[in-house]
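# Report on the structure
Now for the letters of each chain:
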Amino acid sequence: MPPDYPPSRVNPLDPPPRFAHLRAHEPVSLVRTPHGETVWLVTRHADARFVLGDPRFSSDPANPGFPRIRPAPEGPRLPGIFLSMDPPEHGRFRRMLTGEFTVRRMAALRPGIQAVVRDCLAGLLGQGPPADLMACFARPLPALVICDLLGVPFADREFFASRSEIQLDRSRPGHEVTAAMAELWDYLDGLVAGKLADPAADLISRLAVRRVRTGELTKDDLVGMSRLLLVAGHETTANMIGIGVLLLLRNPALWAELRADPELLPAAVEELLRHATVVQQGVVRAVLGEVDLGGVRLARGDGVIVSLSSANRDAEVYPEPDELDPHRRAAPHLAFGHGVHQCLGQLLARTELTEAVRALLPVPGLRLAIAPDQVKFRHEMAVYGVRELPVEWH
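Residues numbered from 1 in each chain as written. Predicted model: local features only at pLDDT ≥ 70, side-chain atom pairs only at ≥ 80, totals over all residues. Heavy atoms only, no water.

With that out of the way, let us pick up the side chain of histidine 90. Inspection of the secondary structure assignment puts histidine 90 in helix 3 (residues 89-95). The exposure class assigned to histidine 90 is buried, which follows from its relative accessible area of 3%. In this structure histidine 90 touches Phe82, Met85, Val340 and His341, once residues within four positions along its chain are discounted. (Helix = DSSP H or I, 4+ residues; strand = E, 2+ residues; numbered from the N terminus. Buried < 20%, exposed > 50% of the residue type's maximum accessible area, 1.4 Å probe, protein only. Contact = heavy atoms within 4.5 Å.)

As structure tokens, this is what we get:
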């Protein structure tokens, strides 16, 4: 019987140790999903890049063999969720958004993001010490940014954040996940209807006017795209900020080095993304045709799970991969994926993470307010992180 996926972590700040064994001895191996399916698990960096970049591996859950690793039963693909589409359909949707996430666009957004960071930092400092960095800083920061970008009322954050969390919780029964997804869909359906009737200066309004009114998108397409952007735009970044700050606080020498030389921040952010890859449930694909991978012959209808966290700890690519070293010179990490489905909002996430750490560095004596072994982690979530991060300062 193949082992269950996902395996358990031993050190909460490192991927499961089984991944290291598999990379060395069985880089493409069989595992069993929570639904009882037997699929292939990919753990090496080179094999992960191959799968994510080759069109013989499909992102469409309608294809035979597509792994089911969510608690909710898979139904028909929802409109507009282009993450679950293959080319050319995927490209048609994605191209409508690429102009919103360019380097130039991020440069224009940076002053606004910095202002949000300052406000969130003021909220954190006003609560303590001690204060929960997750509740006061890491969660509201990306939520405020994505709400402003999309045109979603921040006052509704508690509603959409709770539904997003249920959707990503692998321990929840399927009916709860299905209900939460439906409630979020209904909420965004009403929001899109309002934008169509009375557009404003936000991304959803621009898509409503330029794409829905012209017939390029249906209203449901825009609802699905909005859901994807909203959930991805705050969950991953919030948890990356939290676990990234935790790693830095547990490494005082690196924290001091960053305070002395903030120019090192971009490299440190890339290393944090590699070291603490938060997408822990993996990326799933269905095999469309026979293909050789890591010494194994895969057949049409096979399912594949790519472990990004394992690939980012591959010693063949990253010497001393378990060390947090912003000075390393190595291949780009896979925290944002690879290929046509590489994360659309990666520049936004990098900007938010960089500005978050930059703002925290001058806080005098910032440190954990609890023992490291008391930090509670999100083991059951598809997006890994910490539940709370109590901190204090001078």
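From this point, the narrative continues.
Attention now goes to the nonpolar core. Leu124 and Phe137 are the most contacted members of the largest nonpolar core, which totals 94 residues. Tallying contributions element by element places helix 10 (residues 219-249) first for this core, with 15 residues. Apart from residues lying up to four places away in sequence, leucine 124 is in contact with Ala131, Asp132, Leu133, Cys136, Phe137, Leu360, Val391 and Trp393. Trp40, Val287, Leu293 and Val296 belong to the second-largest nonpolar core, a separate cluster that totals 18 residues. (Core = buried A, V, L, I, M, F, W, Y, C linked by side-chain atoms within 4.5 Å.)

Moving on, we get to the packing of helix 12 (residues 265-275) against helix 14 (residues 346-360). Two numbers describe a pair of packed helices, the interaxial angle and the distance between the axes. Direction vectors running N to C along helix 12 and helix 14 enclose 115 degrees, while the axes themselves pass 10 Å from each other. It follows that helix 12 is roughly perpendicular to helix 14 by the angle criterion. As for the relative orientation of helix 12 and helix 14, their crossing is right-handed in sense. When helix 12 is examined against helix 14, the residues Leu265, Val269, Glu270 and Leu273 are found in contact with a partner set consisting of Arg350, Leu353, Thr354, Val357 and Arg358. Split by residue class, the contact of helix 12 with helix 14 holds 5 nonpolar, 1 polar and 3 charged. (Axes fitted to C-alpha atoms, helices over the stretch in contact; angles between N-to-C directions. Parallel < 35°, antiparallel > 145°, perpendicular 65-115°, else oblique. Left-handed = near helix turned anticlockwise from the far one by under 90°. Nonpolar A, V, L, I, M, F, W, Y, C, P; charged D, E, K, R; others polar.)

Attention shifts here to the packing of aromatic side chains. One pass over the full model with this rule turns up 3 aromatic pairs. Ring centres of phenylalanine 159 and tyrosine 187 lie 5.3 Å apart, and the angle between their planes is 50 degrees; this geometry places the pair in the tilted category. One end of the pair, phenylalanine 159, is in helix 7 (residues 157-168); the other, tyrosine 187, is in helix 8 (residues 174-197), with 28 residues separating them in the sequence. Residue placement shows arginine 9 over the ring face of tyrosine 384; its charged tip is 3.6 Å from the ring centre. The ring of tyrosine 318 is capped by arginine 274, whose NZ or CZ atom sits 5.1 Å from the centre of that ring. (Phe/Tyr/Trp six-rings, centres within 6.5 Å; stacked < 30°, edge-to-face > 60°. Lys NZ or Arg CZ within 6 Å of the ring centre and 35° of its normal.)

This is a description of form; function is not addressed.
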